[in-house]
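# Observations on the three-dimensional arrangement
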Amino acid sequence: MASTALDRLISVANLRDVWKEYKPRAKGSAPGVDGITPKQFDDNLTQRIALIRAKVVDGYTFSALRGVSVPKKDPTKFRMICVPTIQDRVVQRALLRVIEGKATRLRIANDVSFGFVKDTPDTKRGTTAARAAAIRHRQAKPWVFKADIAAFFDRIDRQDLIASFRKSFQLRSLTPLVEAAIACEVDDNDPRIRRVLSDNGIKRGKGLRQGMPLSPILSNFLLREFDQAFTAARYDLVRYADDLIILASTREECAAAEALTRAELSKLGLALSEQKTETRAPDEPVEFLGMELGLKPGTSICCLTISNQQLAKIREQFTKFHDVDLAVKEGLDLPKLLRRLENMKSGYRTAYRVADNFEALDRQLDQWTGNCITKVYTSMFDAKAIAKLTATQRRFLLLPQQV
């Protein structure tokens, strides 16, 4: 008897492989509502996989998502992070693999969508590829229409998404699992969580909860017809999730692109964020994916630069660790903090290497790291004692050398 897609999904070998791939990323991540940590899951992997297999056979039910409220810049406001259980992450990641394998046929992988889609032989994706495409298009068409979809994930119509996915996805044995994931809700027994959900306009029965492995690719599936409309109209669209820019030759073309954007989003029950919608002339820079897309000073060459505002945001990520109490609160001792800082530097260097002013950031990353280490020591010991350290002692403590 031939095996079904579901049989292959929950095979011991496949689930072990999914966990093996995810385990390095799972390390240190927060548990879901069941309290099971990645380490606990790994320590009892054989039993955990057997439990997943048994539950799928009986009709798998995803657990509620653990809601974590995180302060925004305005300390009176919070955003919601939704945390699935480790078990649910494994099941969703197994499903994600299958959907990614069919991304081209499902038209999720296309020429204009760069976020949360794997590379294909003829197209690179991710932030670096999106930025490169933006530079290339603006060099040829200097007018820019920039927009952001308002509360995108939280306003997705679940029934429309389920109906469309069911129609397009041919592996019927897996469809109930995908539909169950779409229906996941946050555990709102805590009044504080209910308040944050309400303040953010998150309503039961509507939207895809961010934090689930399947949410990004399903959101791209929802927008595939949107992407196709711009390709058919021959617009140069660059979309990364709900952040998009359209490059045009004239202001009039930007206005037409805006009209098409609004019309296509309306078909999906979505709308633009008016605060983030703008049209920029050829000599005006535009923010895209954390960088400014504009002309290199004194030239007609288009480039990306790290804005002063973004530099300040990056610096803030280092200066917050000047506070030892905050570091301890995040479970960091000195070796872990040093590793965190090095990982941050590496991540920022990778993300911003394409920037025209990258060298300035590169120098500052080393400076901010050194300042952070110095502040940590001086917060615990007398500043005068730190100042008296020899060059050898400073090297041993990983402190920057005095100039």
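Residues numbered from 1 in each chain as written. Predicted model: local features only at pLDDT ≥ 70, side-chain atom pairs only at ≥ 80, totals over all residues. Heavy atoms only, no water.

### What about the overall build of the protein chain?
- Within the protein chain one finds 18 helices and nine strands.
- Scaling as 2.2 N^0.38, a compact globule of 403 residues should have a C-alpha radius of gyration of about 22 Å, and the protein chain matches this with 24 Å.
- Projected onto its principal axes, the C-alpha coordinates of the protein chain cover approximately 75 × 60 × 45 Å.
- Within the protein chain, contacts between residues at least 6 apart in sequence are counted, and of these 69% link residues at least 24 apart.
- For the protein chain, the exposed surface amounts to about 21,300 Å²; the carbon and sulfur share of it is 52%. (Helix = DSSP H or I, 4+ residues; strand = E, 2+ residues; numbered from the N terminus. Rg over C-alpha atoms; globule rule 2.2 N^0.38 Å. Contact = heavy atoms within 4.5 Å. Areas by Shrake-Rupley, 256 points an atom, 1.4 Å probe, with all protein chains shown as cover.)

### Regarding the sheet that holds strand E5 (residues 243–248)
- Pairing is antiparallel in the open sheet, where four strands are placed in the order E4-E5-E3-E6. Single-partner strands in this sheet number two, and they are strand E4 (236–240) and strand E6 (278–280). Averaged over all neighbouring strand pairs, the angle between strand axes comes to 15°, with direction disregarded.
- Pairing geometry for E4 and E5, over five bridges, is antiparallel. Looking at the pairing, Asp 236 lines up with Leu 247 of E5.
- On the sheet, helix H12 (residues 251–267) packs against strand E3 (143–148), E5 and E6 and is oriented at approximately 20° with respect to E3. (Pairing = 2+ DSSP bridges. Axes fitted to C-alpha atoms, helices over the stretch in contact; angles between N-to-C directions.)

### Describing the pairing of strand E8 (residues 291–295)
- Both strand E7 (residues 286–288) and E8 contribute to a ladder of three bridges, which runs antiparallel. By the bridge assignment for E8, Glu 287 is matched with Glu 292.
- Counting the residues between successive antiparallel strands, the hairpin from E7 to E8 contains two residues, one of them, Leu 289, with a positive phi of roughly 50°.

### Let's talk about the pattern of salt bridges
- Following the criterion strictly, the structure yields 26 salt bridges and no others.
- Residue Asp 227 is joined to Arg 239 by a salt bridge in which the shortest nitrogen-to-oxygen separation is 2.9 Å. On the criterion of sequence distance, the pair formed by Asp 227 in helix H11 (residues 224–232) and Arg 239 in strand E4 is long-range, its members being twelve residues apart. The same class applies to Asp 227 and to Arg 239, which are both buried.
- A salt bridge links Arg 349 to Asp 366, with the shortest nitrogen-to-oxygen separation between them at 3.0 Å. One end of the pair, Arg 349, is in helix H15 (residues 334–352); the other, Asp 366, is in helix H16 (residues 358–380), with 17 residues separating them in the sequence.
- For Arg 349, a relative accessible area of 17% translates into the label buried. (Salt bridge = Lys/Arg side-chain N within 4 Å of Asp/Glu carboxyl O. Buried < 20%, exposed > 50% of the residue type's maximum accessible area, 1.4 Å probe, protein only.)

### Let's talk about the packing of helix H7 (residues 158–168) against helix H8 (residues 175–182)
- For the pair H7 and H8, interaxial distance at closest approach is 11 Å and the crossing angle is 165°. Considering their axes alone, H7 and H8 lie roughly antiparallel with respect to each other. In the crossing of H7 with H8, the sense of the turn from one axis to the other is right-handed. On H8, the residues touching Arg 158, Leu 161, Ile 162, Phe 165 and Arg 166 of H7 are Thr 175, Val 178, Glu 179 and Ile 182.
- Within the contact of H7 with H8, the residues separate by chemical class into five nonpolar, one polar and three charged. (Parallel < 35°, antiparallel > 145°, perpendicular 65-115°, else oblique. Left-handed = near helix turned anticlockwise from the far one by under 90°. Nonpolar A, V, L, I, M, F, W, Y, C, P; charged D, E, K, R; others polar.)

### What about unusual backbone geometry?
- A positive phi angle, near 65°, is found at Arg 234, a position not held by glycine.
- Note that Arg 234 resides in the loop between H11 and E4.
- The phi angle at Leu 289 is positive, at roughly 50°, despite the residue not being glycine.

### Quick word on the pairing of strand E9 (residues 302–305)
- Across four bridges, the pairing between E8 and E9 is antiparallel. Note on E9: the bridge partner recorded for Glu 292 is Thr 305.
- The antiparallel pairing of E8 with E9 creates a hairpin that spans six residues between the two strands, and Gly 298 there sits at a positive phi of about 75°.

### Regarding the packing of aromatic side chains
- Summed over all chains, the structure comprises twelve aromatic pairs.
- These aromatic residues form a ring-pair network of at least three members: Phe 318, Tyr 348, Tyr 352 and Trp 368.
- The ring of Tyr 352 has Arg 131 sitting right over it, with the charged end atom 5.2 Å from the ring centre. (Phe/Tyr/Trp six-rings, centres within 6.5 Å; stacked < 30°, edge-to-face > 60°. Lys NZ or Arg CZ within 6 Å of the ring centre and 35° of its normal.)

Everything listed here is a matter of geometry and, on its own, says nothing about what the molecule does.
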